[in-house]
Amino acid sequence: MKKRDYSNLIYGIRAVIEAIKSGQDLERIFIQKGLKGDLISELKGQLRNTNAPMSMVPVEKINRLTRKNHQGVAAFISPVKYHTLSQLVLSLFENGENPFLVLLDRITDVRNFGAIARSAEGTGAHGIIIPIQEAAQINADSVKTSAGALNLIPVCREHDLKESIKYLKESGFHVVASTEKAEDPLQSADFQGPVCVILGSEEDGISSEVLRVADQLVRVPMKGKIDSLNVSAAAAMAFYEVVRQRS
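Residues numbered from 1 in each chain as written. Predicted model: local features only at pLDDT ≥ 70, side-chain atom pairs only at ≥ 80, totals over all residues. Heavy atoms only, no water.

1. Digging into the overall build of the protein
Thought 1: Looking only at helices and strands, the protein has nine helices and twelve strands in total.
Thought 2: Relative to the globule expectation of 18 Å for 247 residues, the C-alpha radius of gyration of the protein, 19 Å, shows essentially globular dimensions.
Thought 3: Dimensions of the protein, computed from C-alpha atoms along their principal axes, come out at roughly 55 × 45 × 30 Å.
Thought 4: If you sum the accessible surface of the protein, you get close to 12,600 Å²; carbon and sulfur atoms cover 47% of it. (Helix = DSSP H or I, 4+ residues; strand = E, 2+ residues; numbered from the N terminus. Rg over C-alpha atoms; globule rule 2.2 N^0.38 Å. Areas by Shrake-Rupley, 256 points an atom, 1.4 Å probe, with all protein chains shown as cover.)

In structure tokens form, the structure reads like this:
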């Protein structure tokens, strides 16, 4: 069994509070159910300043992370610095870029996430958008699988993907969902202007709520008996279609 990497783990109420105050991004935070007191109230107040996913868990969950004096609180520090979508989009337009963004809807496998990030960075994507909940953790495995791309490409962690898509459309982006549920081929999409490509969960693809707000649904053409691809393979094909059209 592979040993888990806890090198980015911090524990103790005060330690987590100070990490937030110092500007460190937390990948995930676990708080023991039923904890009360002034320090916990202060911690929850500080958490309003971060987009870190928080889980209220039994003490046994935290004990599995560390047996040291955790005071009912543990967190993982993110190996990357998260960006704000609105600030990223503004900077791209200010710098005269033709923006190409990737939005991942509930992709939870760290290796798929890393592979997608690698393809995105390699094809010139300017950023990746993920939800706060139901997203792969950015850890040593995902960074390694990305071949370091996650240290190079901005990642935005957003509360509501539908609102993020609405914001992108209002900002002039063409939002294209790559899904096997579509009838139009990938090549029919116009990727030459500002674009955001959506990819979905390994289990059930892009959610119906997200599909409804996309501008266009397309699928990777398949000629064999297998009618779908692993999401990281489908992502690479979609990204290279962006490159082809923009070349």
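2. Focus: the nonpolar core
Thought 1: Counting 36 residues, the largest nonpolar core has V102, L104, I128 and F239 as its most contacted members.
Thought 2: Elements that contribute at least two residues to this core include exactly β6 (100–105), α5 (110–122), β7 (127–131), β11 (195–200) and α9 (231–246).
Thought 3: What I128 contacts, discounting residues up to four positions off in sequence, is V102, L104, F113, A117, A120, I153, P154, V155 and C156.
Thought 4: L88, L92, I129 and L211 belong to the second largest nonpolar core, which has 20 residues in total. (Core = buried A, V, L, I, M, F, W, Y, C linked by side-chain atoms within 4.5 Å. Buried < 20%, exposed > 50% of the residue type's maximum accessible area, 1.4 Å probe, protein only. Contact = heavy atoms within 4.5 Å.)

3. Re unusual backbone geometry
Thought 1: Here the phi dihedral of R106 falls at roughly 65°; this positive angle occurs in a residue that is not glycine.
Thought 2: Among the structural elements, R106 can be located in the loop between β6 and α5.
Thought 3: One non-glycine residue, A147, lies in positive phi territory at about 60°.
Thought 4: Residue position: A147 is located in the loop between α6 (140–145) and β8 (155–158).

4. Details of the sheet that holds β8
Thought 1: Taken together, the eight strands give an open sheet; going across it, the order is β5-β8-β7-β6-β11-β9-β12-β10, and neighbouring strands pair in parallel fashion. Two strands bound the open sheet, and with one partner strand each, they are β5 (82–83) and β10 (184–185).
Thought 2: With two bridges connecting them, β5 and β8 associate as parallel partners. Opposite Y82, over in β8, you have V155 as the bridge partner.
Thought 3: Across the sheet, helix α4 (residues 85–94) is in contact with β5, β6, β7 and β8; its angle to β6 comes to roughly 160°.
Thought 4: On the sheet, helix α7 (residues 161–170) packs against β6, β7, β8, β9 (174–178) and β11 and is oriented at approximately 160° with respect to β6. (Pairing = 2+ DSSP bridges. Axes fitted to C-alpha atoms, helices over the stretch in contact; angles between N-to-C directions.)

5. Some words on the environment of H174
Thought 1: Tracing the backbone through its elements, the reader meets H174 in strand β9.
Thought 2: A residue is classified by how much of its surface remains accessible, and H174, at 23% relative accessible area, is partly exposed.
Thought 3: For the pair formed by H174 and E18, sequence separation is 156 residues and the distance between their alpha carbons is 41 Å.
Thought 4: Apart from the residues within four sequence positions on either side, H174 is in contact with D190, P194, V195, C196, D215 and Q216.
Thought 5: A polar contact is formed between the side chain of H174 and the side chain of Q216, at a distance of 3.1 Å. (Polar contact = N/O pair within 3.5 Å; in protein donor to acceptor, adjacent residues only side chain to side chain.)

6. Concerning the sheet that holds strand β1 (residues 9–11)
Thought 1: What the four strands build is an open sheet, ordered β1-β4-β2-β3; its pairing is mixed. In this open sheet, the two edge strands, each paired with only one partner strand, are β1 and β3 (54–57). The average angle at which neighbouring strand axes cross in this sheet is 20°, direction not considered.
Thought 2: Alignment of strand β2 (residues 26–32) against β3, held across four bridges, turns out to be parallel. For F30, the partnering residue across the bridge sits in β3 and is S55.
Thought 3: Of the strands in this sheet, β2, β3 and β4 (73–77) are in contact with helix α2 (residues 38–47), which crosses β2 at around 150°.

7. Concerning the packing of α5 against α9
Thought 1: α9 packs onto α5 with a crossing angle of 10° between their chain directions and a minimal axis gap of 9 Å. Taken together, the axes of α5 and α9 are roughly parallel relative to one another. Residues N112, A115, I116, S119 and A120 of α5 lie in contact with α9, whose contacting residues are V231, S232, A235, A236 and F239.
Thought 2: For the contact of α5 with α9, the residue count by class is seven nonpolar, three polar and no charged. (Parallel < 35°, antiparallel > 145°, perpendicular 65-115°, else oblique. Nonpolar A, V, L, I, M, F, W, Y, C, P; charged D, E, K, R; others polar.)

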